[in-house]
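Take a look at the letters that make up each chain.
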Amino acid sequence: MGRVWGRRCAGALLVGALALGLTGCSPPLDTTFGGGDGIATTRAFWTGWHAPRAVHVQPDGRIVVLTEVSLAATLTALVRFEPDGTLDQTFGDGGVVVTDHTVTYRGCSDLALAPDGGYLVVVDTPDAEEVVTPGVVRYHADGTPDTAFGDDGIARTTSGYPCGLDVLPDGRIVAGGIGEGGAVTARWTADGQPDPTYGGDGLGEAFPTPPWLQGVAATAVEVQPDGGVVAVGDALHRSTGDLNGIVLRYRADGTLDPDFGDGDGVTVTDATPGGLQRVAVRPDGRVVVLGNQRPYAAPDGRGFLVAQLTAAGTLDPTFGGGDGVTTALDDATARDLALLPDGDVLLVGGTAPGGVHDGFLLARFTPDGALDADYGDRGVGTTDVFPTDEAAYAMAVQPDGKLVVAGSVGDDNPAVVGSLLGVYRYEAAAG
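Note that the coordinates shown come from a computational prediction; the quantities given were computed from them, not determined experimentally.

Asker: Describe the overall build of the chain, with residues and values.
Answerer: Each helix and strand in the chain was counted, giving one helix and 29 strands. Evaluated residue by residue, the chain yields a buried proportion of 57% over its 431 residues. Taking as baseline every contact in the chain between residues at least 6 positions apart, the subset at least 24 positions apart corresponds to 50%. Accessible surface for the chain amounts to roughly 16,500 Å². Of this, 54% is attributable to carbon and sulfur atoms.

Here it is in structure tokens:
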């Protein structure tokens, strides 16, 4: 189908710190998925608000989603769908596994697939003294806890709070996180023990936080083919109160890479004033990051950005307007990032006029950081199907090019408080 839908799209879009108005511009959904409309929904819990944190497509085509559900506490659940969008009855209880854990500090829940088909989840977990500390929990392919992993099914660090998660081909597990002195990374063996070949004790080298920063956090990670780790997050500037973006690169042994950043393995930039939430690394080592300009501010201060760093950790002058950064779509929030085979960058999120999300938002950028004019309405498409609110949180691109997006869909049942988990499958990431 190509990108014909984009040229038919009608609407109004202004880029930068301007207004966003989208009408009649929806990427084509895959009608072989869900109820024939490309959409699968489920509640997972009888009540509560869904905020999916990760979605993965397995080699067998099944789709697994990690979702946070806000009740009296915020809990997490794994939900698995068959390739056609029906709940997988062989997984957990009718397709749902409730993790029995609350989410971690700062809502850092994440999901990774183990090479043997198991699942790794970052959650808050009680230790032997019932003290709640973050850790990584492992589940078998059928959704049952793997009690042989780590310490009775849980891998913990000796310091810090794990956040973003990734897995090496040999099954070793890497997490970025928040430590007492700043950003941390950790690595475990495939069976959940601290990896002594990474920093000596399973912890990466500490980032020497300068005195003008505080609250340094690494909230997302990606493992590179050489075993190195790129982590991104944010750091609060003590004087201005702004969140600066931070990018760290670790070598495979857990030491900060002196060939990255300012010679210390770290890049701190105020060009990303809301910090960084997602990262993807190109084959040539360039780093693409997603940030929201003011994620904690009022709706009229929102807007998201995509930036690119060179393999050496400097902002890439060939990307964006020559400064390495593209700022777009005022009054919108982006939450996930993917690199496409042609080098384009795809973001998903939700529009937020007045603070109310209404529609799954998809934005596509060319390799040089411009909104892709051949996609949707000048680079942007929305899917607004339900009369209630919709917002996209996480995505995955299937091997066949189809795009799976998980989000929160409002429930119009007045007897139930909360939202549904919605999984939308599009005909192609390319539109």
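Asker: Can you explain the pattern of salt bridges? Please cite residues and give values.
Answerer: Under the defined criterion, the tally for this structure stands at 21 salt bridges. A salt bridge links Arg 138 to Asp 146; its shortest N-O distance comes to 3.0 Å. Arg 138 gets classed as buried once you look at its relative accessible area, which sits at 7%. Residue classification places Asp 146 among the buried positions, given a relative accessible area of 10%. Two residues, Asp 226 and Arg 249, come together in a salt bridge whose shortest N-O distance is 2.7 Å. Of this pair, Asp 226 sits in the loop between β15 (213–223) and β16 (229–237) while Arg 249 sits in strand β17 (residues 243–250), placing them 23 residues apart in sequence. Looking at Asp 226, the relative accessible area reads 52%, which means it is exposed. The class for Arg 249 is buried, based on a relative accessible area of 10%. Connected via shared salt-bridge partners are Asp 60, Arg 62, Arg 80, Glu 82 and Asp 88.

Asker: Give a description of the sheet that holds β15 that names residues and reports values.
Answerer: Sheets are built from strands paired through backbone hydrogen bonds, the pairs being either parallel or antiparallel. Spatial strand order, β15-β16-β17-β18: four strands in an open sheet with antiparallel pairing. Two strands bound the open sheet, and with one partner strand each, they are β15 and β18 (266–269). With direction set aside, neighbouring strand axes in the sheet form an average angle of 20°. In this structure, β16 lies alongside β17, joined through eight bridges in antiparallel fashion. Bridge pairing links Val 230 to Arg 249 in β17.

So, how was this worked out
- Residues numbered from 1 in each chain as written.
- Predicted model: local features only at pLDDT ≥ 70, side-chain atom pairs only at ≥ 80, totals over all residues.
- Heavy atoms only, no water.
- Helix = DSSP H or I, 4+ residues; strand = E, 2+ residues; numbered from the N terminus.
- Buried < 20%, exposed > 50% of the residue type's maximum accessible area, 1.4 Å probe, protein only.
- Contact = heavy atoms within 4.5 Å.
- Areas by Shrake-Rupley, 256 points an atom, 1.4 Å probe, with all protein chains shown as cover.
- Salt bridge = Lys/Arg side-chain N within 4 Å of Asp/Glu carboxyl O.
- Pairing = 2+ DSSP bridges.
- Axes fitted to C-alpha atoms, helices over the stretch in contact; angles between N-to-C directions.

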